[in-house]
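Spelled out, the chains give:
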Amino acid sequence: MSSKTDSTVLHSAAWRISLWATLAFACGTMLVFVALHQFVAGDIQRRSDAWLSGEVEVLGDVAEHTPKDALYDAVVGEVAELASKEVPNKLRSESARNDSVFFLQTGKDGSLKLWVGEGVGVLRLKAILRTQILPDRPSDLHVEGVEIPFRVATMRTGDGSSIYLGLSERDELRVLGNLRARFILLWVLLVLLGFAIVFYTTWKMLSLVRQISEAASRIGHSDLMARVPTTERNDEVGHLARTINKMLDRIEISMHQLHTITDSLAHDLRSPLTAIRGKLEMSLSVAVHGEQAEPIVSAIEEVDRLTEFLNTSLDVAEAKADALRLSRSEIDLEELLRIMIDLYEPSMSEKGISIELRSSGPVRIDADAGLIHRMVANLFDNEIKHLPPGSRTTVHLQMDSPAALLTIEDDGPGFAPDVLPHLFERRVKGKESKGHGLGLAFVDAVTHAHWGTVEAWNRKGGGAAITVTLPLCAQHR
Amino acid sequence: MHYYSFMRILLVEDEHDIRSFLLRSLDEAGYQVDAAPDGKAAEALAQENLYDALIVDLGLPDQDGFSLIQRLREIGVKAPVLILSARRTVDDRVRGLEQGGDDYLTKPFALAELLARLRNLLKRNGPPDTEASRLRVLDLELDLLRREAKRSGQVLQLTPQEFVLLEFLCRSAGRVVTRSMILDKVWGMRIQPDTNVVDVHIYRLRGKVDGPGQQPLIRTLRGVGYVLKDR
């Protein structure tokens, strides 16, 4: 049951709509976040670059104006140390010493003059010389052995030496990293929330449509009184329900008119037929002597044939208009066929035709027993009328969920090729047929009234075959 | 012989032709019949007299046959009803009445069938038949428990279906049964086959029941049906 619900959810339009809407929403919010990230990263960079440029200028100034004596290194080093304490975006470093800032001064010849900072100054100098850092434009410096790059600003002092101030990008990256982590968490939550909201609203909306289609599918051949559920809402779905109901009103009216016409036609013809038959029967009981009785008897038989023709043609007409009134109940098709074969077997064997039922067990269908009886009788009557002596008829019955398959085949002459394509139409019959040409049209009408299908063909080895497919009872599908 | 000869029947039918031939044939069958052309007259008659059975046509000029039956039930008429319907399909309301002990016939019908159904209705309402385990018609004898049939002491080799058919003929011995009555009672279906399916069953049965040199028991009445002779 739960897997069934899962699959209906996965196949629902609500699911597809929510997936696409969520995809669009996720892409949109992702773009917004990327742009925001770029802006924040650029801003942080600008601020640290401004600090670097300012500090390197101050340091250059100090380096230029401090006398080149024994205290020079100590004074400049102290200033650089102080500057490192005012680093922007500063986070507390894990180590006791300050490893986020370095200060480096080279002489005119490019040799290392002064180094303040963590690590080996010469390695840092090598990296600086490789990178070629321009004054007034801080740039990234990748140092061998140090994972996080430095941002380095430089300036040339009046005495020809160069000053480099480096700031580790560690803190900047950490800030951006934190920002990204929060962005992603928030994004995931937003996307999930968006999906939930879209799915819930479309599911609710479409479940109304589903209710309408379920109700509409129940409204069928026998039950035209039912209507689809309507809502108070004035949206498309509410409008759809009201339109369907108006359409059903019109269908019911025309169906009612059709029933009235066929009923009154039947009534108008049946009453005189009843009177004629009754009078004939009464005169038969008076004129009992053979010769006199003969015309009366054949007249009674004609009246019966006319009645049967009237019934069948009205049934076919109603079925063609999808208006045949069914009185359904659960019946076992196998048992029904056994009884019918039992009834027909003697008259078939009288004509030298054999009949056999091949079935694998009970086949339960929800059908109008009276109509199915008449349908099978029509098929069997057909075999008797058209098969030459010595023929064999086989009735196959099998369950092919969700339908019951009933095939009647014989090894007779088969259907005439010119008749075959129109076999199930009214008044179509073989040249030698004495029937009224309604038999197979009636079979077709009854199967369609039961939401089934019927098919006829000539077998390869010779002979005719007709297959009737009828839906099984709901609980046996 | 005719224990129902004093049975009183109310016939409600608007078609003059049908009413007159039904009146005549019911009268010939020994019933005392009152006829009404519409619902109003029927109600008046039912209030005055006590009837054993009613024959009601559904298509009356002044009211629906169903509402007439309901009205009659309300004023205390308990007699069973045989419904005559010119409608093609059997309405659910007819089925409801059928379950309530009434019966129906669709027009046009065979007189023999109308009489048989009427007889059944009267029997159902009358004193219950003691369910015999044996049936005897002249020298034909049926043991219903052992499902065995004998003619002049000779056991007949019958199939179960043939036994059921013979049993039905014996129960209606002396009266006409039509093909559609046989199909209804023996095979349980209301169909009108295009071919002579019932006749072949009867021929076969006759071949077994009426041996050479014996008096033929099963008679064919062409255009009407069959009758099992009881005298």
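Everything that follows concerns the structure shown earlier in this document.
What counts and how
Residues numbered from 1 in each chain as written. Chains lettered and ligands numbered in written order. Predicted model: local features only at pLDDT ≥ 70, side-chain atom pairs only at ≥ 80, totals over all residues. Helix = DSSP H or I, 4+ residues; strand = E, 2+ residues; numbered from the N terminus. Buried ≥ 20, exposed ≤ 12 C-beta atoms within 10 Å, placed from the backbone. Contact = placed C-beta atoms within 7 Å. Core = buried A, V, L, I, M, F, W, Y, C linked by C-beta atoms within 7 Å. Expected span 1.5 Å × (residues − 1). Bend = angle between axes of the 7 residues up to and from the residue. Axes fitted to C-alpha atoms, helices over the stretch in contact; angles between N-to-C directions. Parallel < 35°, antiparallel > 145°, perpendicular 65-115°, else oblique. Nonpolar A, V, L, I, M, F, W, Y, C, P; charged D, E, K, R; others polar. Pairing = 2+ DSSP bridges.

Engineer: How would you explain the overall build of chain A if you had to name every residue and give the values?
Structural biologist: When helices and strands are counted, chain A shows ten helices and twelve strands. Scored against the burial criterion, the 477 residues of chain A give a buried share of 27%. Once local pairs closer than 6 in sequence are excluded, the contacts in chain A between residues at least 24 apart make up 61%.

Engineer: Before we move on, can you summarise the nonpolar core with the specific residues and values?
Structural biologist: By size, the foremost hydrophobic cluster in this structure holds 115 residues, and its most contacted members are Ile9, Leu10, Val12 and Val56 of chain B. For this core, the element with the highest residue contribution is helix α9 (residues 369-386) of chain A, accounting for eight residues. Once residues lying within four places of it in the same chain are set aside, the contact partners of Val12 of chain B are Ala36, Ala42, Leu54, Ile55, Val56, Asp57, Leu60 and Leu68 of chain B. Formed by 25 residues, the second largest nonpolar core is a distinct cluster that contains Trp115, Leu141, Ile163 and Leu167 of chain A.

Engineer: Could you give an account of helix α8 (residues 333-350) of chain A, naming the residues involved and the relevant values?
Structural biologist: All names here are of chain A. A rise of 1.5 Å per residue sets the reference length of α8, with its 18 residues, at 26 Å; its end C-alpha atoms lie 26 Å apart and thus fit the reference within 8%. Residue Tyr344 marks the point of greatest curvature in α8, where the axis turns by about 40°; the proline Pro346 follows within four residues. Of all the residues in α8, the buried ones are Leu333, Leu336, Leu337, Met340, Leu343, Tyr344, Pro346, Ser347 and Met348. Two residues or fewer after α8 comes Gly352, characterised by a positive phi angle close to 80°.

Engineer: Before we move on, can you summarise the packing of helix α5 (residues 170-218) of chain A against helix α6 (residues 236-286) of chain A with the specific residues and values?
Structural biologist: Residues and elements named next belong to chain A. Running from N to C, α5 and α6 cross one another at 10°; their axes reach a closest spacing of 10 Å. In this view, α5 runs roughly parallel relative to α6, as classed from their interaxial angle. Listed contacts from α6 to Met205, Leu208, Val209, Ile212 and Ala216 of α5 are Val237, Leu240, Ala241 and Ile244. Partitioned by chemical class, the residues of the contact of α5 with α6 number nine nonpolar, no polar and no charged.

Engineer: Can you break down the interface of chain B and chain A residue by residue, with the values?
Structural biologist: With 35 residues of chain B in contact, the opposing surface of chain A contributes 41 residues. Of all the secondary-structure elements, those providing two or more residues to the side of chain B that touches chain A are α1 (16-28) and α8 (197-209) of chain B. If you tally residues by element for the side of chain B that touches chain A, the top one is α1 of chain B, at six residues. For the side of chain B that touches chain A, the residue count by class is 15 nonpolar, nine polar and eleven charged.

Engineer: Could you give an account of the sheet that holds strand β11 (residues 218-221) of chain B, naming the residues involved and the relevant values?
Structural biologist: Residue and element names in this part refer to chain B. Strand order in the open sheet made by the three strands is β10-β12-β11, with antiparallel pairing throughout. Strand pairing shows two members of the sheet lacking a second neighbour, β10 (176-177) and β11, which therefore form its edges. Where β11 meets strand β12 (residues 225-228), four bridges bridge the pair, whose relative direction is antiparallel. Of the residues in β12, the one forming a bridge with Ile218 is Leu228.

Engineer: An account of the sheet that holds strand β9 (residues 392-400) of chain A is needed here, citing residue identities and associated values.
Structural biologist: Residues and elements named next belong to chain A. Read across the open sheet, the five strands follow the order β7-β9-β10-β12-β11; overall the sheet is mixed. In the strand order of this sheet, the two ends are held by β7 (354-359) and β11 (453-458), each with one partner. On average, adjacent strands in this sheet sit at an angle of 15° to one another, irrespective of strand direction. Across seven bridges, strand β10 (residues 403-410) lies against strand β12 (residues 464-471) in antiparallel orientation. The partner of Thr407 across the bridge, within β12, is Thr467. Docked against the sheet, α8 engages β7, β9 and β10, running at close to 165° with respect to β7.

Engineer: Tell me about the environment of Asp102 of chain B, residues and numbers included.
Structural biologist: All names here are of chain B. Along the chain, Asp102 falls in the loop between α4 (92-99) and β5 (103-106). Taking C-alpha positions, Asp102 is 5.1 Å from Val81, a pair spaced 21 residues apart along the chain. When sequence neighbours within four positions are dropped, the list of residues in contact with Asp102 reads Pro80, Val81, Ile83 and Leu97.

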